[in-house]
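This is what each chain is made of:
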Amino acid sequence: MSQPKSTSFLISCCNTLPIIQSRVFHPSPLYLTKTSIFARVPSSSPTFLTKFKILSPTLMEVKLWNDKREREMYENFAELFAIIKATEKLEKAYVRDIISATEYETECQKLIAHFKTLSSTLKDTVPNIERFHDTYKMDCPAALNRLVTSGVPATVEHRAAAATSVTSSASVVAECVQNFITAMDSLKLNMVAVDQVHPLLSDLSSSLNKLLILPADFEGKTKMREWLSRLSKMGAADELTEQQARQLHFDLESSYNSFMAALPTAGT
């Protein structure tokens, strides 16, 4: 006589079988032994794996955290993973001209802001973004360049090439001068936190890129890119050392003098 269906079991026939579903991605595979119940288990039957919740005849859910702190860590990992992937897709969409420069810049600035905030929160558990990227085999070189190396949208970084009708008007020159002075004054007032300095240098870099009269290798553009890249690798709450602040002020003053000297040459 055949055994009733209500008491039938589907037992895994291998020594070990990988669990194929979990709440979040985990770098180390989890396994069930061959005695694990892997499918329909009658309510009257004994349960050997009390920690596993049966989802379907072939899937099981594994809880990867033991407390609220671990759960929050994994959720932050998932957020960071999503931001990097989204940035990679955005960069490719912009390069392929699928979205406009305006749409790209708006969304890219949001992703960069979210990345800066999250990376600052995870600086103890994820001290190196490149290592996180390699560990999870993300293959997102464009996102790494935008989020870690550059720290600003491509439209800001290459404003001169992307703009269609930017002129060296008096208003743009005045904007550059104002941004130079604001950045230097902030350092004199000891405003040396990354989240204070980075926006000022980003605005300065953007205004310099609006002036077509300035060459691509202009000292101010080069130095601002270098500083923005350096600040992007730091946390939002980190502060420049006294030596770094002094060097930045020197670079700003030197770039400002070069900027003023370049204006008469261009006939402004």
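Quick summary incoming for the structure in this document. Not measured: the values here are computed from a predicted model.

**Thoughts on the overall build of the protein chain**
(1) Moving on: When its secondary structure is counted, the protein chain shows 10 helices and 4 strands.
(2) Moving on: When the helices and strands of the protein chain are read in sequence order from the N terminus, they spell out β-β-β-β-α-α-α-α-α-α-α-α-α-α.
(3) Moving on: In the protein chain, which comprises 268 residues, the proportion classed as buried is 40%.
(4) Moving on: Element-wise, carbon and sulfur atoms account for 54% of the exposed surface of the protein chain, whose accessible area totals about 16,100 Å².

**Describing helix α2 (residues 101–121)**
(1) Moving on: For α2, spanning 21 residues, the distance from its first C-alpha to its last is 30 Å, which sits close to the expected 30 Å at 1.5 Å a residue.
(2) Moving on: Among the residues making up α2, those that are buried are Tyr104, Glu105, Cys108, Leu111, Ile112, Phe115, Lys116, Leu118, Ser119 and Ser120.

**Structural notes on the pattern of salt bridges**
(1) Moving on: Going through the model one piece at a time under the given rule, you end up with 7 salt bridges.
(2) Moving on: Measuring nitrogen to oxygen at the nearest pair gives 3.3 Å for the salt bridge that ties Lys210 to Glu175. Here Glu175 lies in helix α7 (residues 170–188) and Lys210 lies in the loop between α8 (194–209) and α9 (219–232), a separation of 35 residues in the sequence.
(3) Moving on: Residue Lys210 is classed as partly exposed on the basis of its relative accessible area of 24%.
(4) Moving on: Assessed through its relative accessible area of 28%, Glu175 is described here as partly exposed.

**Considerations on unusual backbone geometry**
(1) Moving on: At Lys137, a position not held by glycine, the phi torsion is positive, near 50°.
(2) Moving on: Along the polypeptide, Lys137 turns up in the loop between α3 (129–135) and α4 (141–150).
(3) Moving on: Taking relative accessible area as the criterion, Lys137 reaches 73% and is therefore assigned exposed.
(4) Moving on: Although it is not a glycine, Asp139 adopts a positive phi angle of roughly 55°.
(5) Moving on: With respect to the element layout, Asp139 can be found in the loop between α3 and α4.
(6) Moving on: Among the residues examined, Asp139 registers a relative accessible area of 61% and is labelled exposed.

**Considerations on the packing of helix α1 (residues 68–95) against α4**
(1) Moving on: Where α1 meets α4, the closest approach of the two axes is 8 Å, and the angle between their N-to-C directions is 105°. Looking at the two axes, α1 sits roughly perpendicular to α4. Residues Ile83, Ile84, Thr87, Glu88 and Glu91 of α1 lie in contact with α4, whose contacting residues are Pro141, Ala142, Ala143, Arg146 and Leu147.
(2) Moving on: Counted by class, the contact of α1 with α4 contains 6 nonpolar, 1 polar and 3 charged residues.

**Quick word on the environment of Asn190**
(1) Moving on: Position of Asn190 relative to the elements: it lies in the loop between α7 and α8.
(2) Moving on: Sequence separation between Asn190 and Glu242 is 52 residues, and the spatial gap between their C-alpha atoms is 9.3 Å.

**A look at the side chain of Lys116**
(1) Moving on: By the secondary structure assignment, Lys116 is in helix α2.
(2) Moving on: Look at Lys116: it is buried, it has no salt bridge, and the nearest opposite charge is Asp238 at 7.8 Å.
(3) Moving on: Not counting chain neighbours up to four residues away, the residues in contact with Lys116 comprise Val194, Leu231, Ser232 and Met234.

**Describing the nonpolar core**
(1) Moving on: Formed by 32 residues in total, the largest nonpolar core has its most connected members in Phe180, Leu201, Leu208, Leu240, Leu248, Leu252 and Phe259.
(2) Moving on: Mapped onto this core, the elements with two or more residues apiece are α7, α8, α9 and α10 (242–265).
(3) Moving on: Among the elements that make up this core, the one with the highest residue count is α7 (8 residues).
(4) Moving on: Those residues in contact with Leu201 that lie beyond four places of it in its chain are Ala183, Met224, Trp227, Leu228, Leu231, Leu248 and Leu252.
(5) Moving on: Of all hydrophobic cores here, the second largest spans 27 residues; its members include Phe115, Leu122, Phe132 and Tyr136.

**Points about the packing of aromatic side chains**
(1) Moving on: Applying the stated criterion across every chain, the model contains 6 aromatic pairs.
(2) Moving on: Between Phe77 and Phe132 the ring centres are 5.8 Å apart and the planes differ by 65°, which places this aromatic pair in the edge-to-face class. On the criterion of sequence distance, the pair formed by Phe77 in helix α1 and Phe132 in helix α3 is long-range, its members being 55 residues apart. Neither Phe77 nor Phe132 differs from the other in exposure class; each is buried.
(3) Moving on: Note on Phe132 and Tyr136: the rings are 4.9 Å apart at their centroids and 50° apart in plane angle, and the pair reads as tilted. Both residues of the pair, Phe132 and Tyr136, count as buried.

The rules we used
- Residues numbered from 1 in each chain as written.
- Predicted model: local features only at pLDDT ≥ 70, side-chain atom pairs only at ≥ 80, totals over all residues.
- Heavy atoms only, no water.
- Helix = DSSP H or I, 4+ residues; strand = E, 2+ residues; numbered from the N terminus.
- Buried < 20%, exposed > 50% of the residue type's maximum accessible area, 1.4 Å probe, protein only.
- Areas by Shrake-Rupley, 256 points an atom, 1.4 Å probe, with all protein chains shown as cover.
- Expected span 1.5 Å × (residues − 1).
- Salt bridge = Lys/Arg side-chain N within 4 Å of Asp/Glu carboxyl O.
- Axes fitted to C-alpha atoms, helices over the stretch in contact; angles between N-to-C directions.
- Parallel < 35°, antiparallel > 145°, perpendicular 65-115°, else oblique.
- Contact = heavy atoms within 4.5 Å.
- Nonpolar A, V, L, I, M, F, W, Y, C, P; charged D, E, K, R; others polar.
- Lys, Arg positive; Asp, Glu negative; His and termini not counted.
- Core = buried A, V, L, I, M, F, W, Y, C linked by side-chain atoms within 4.5 Å.
- Phe/Tyr/Trp six-rings, centres within 6.5 Å; stacked < 30°, edge-to-face > 60°.

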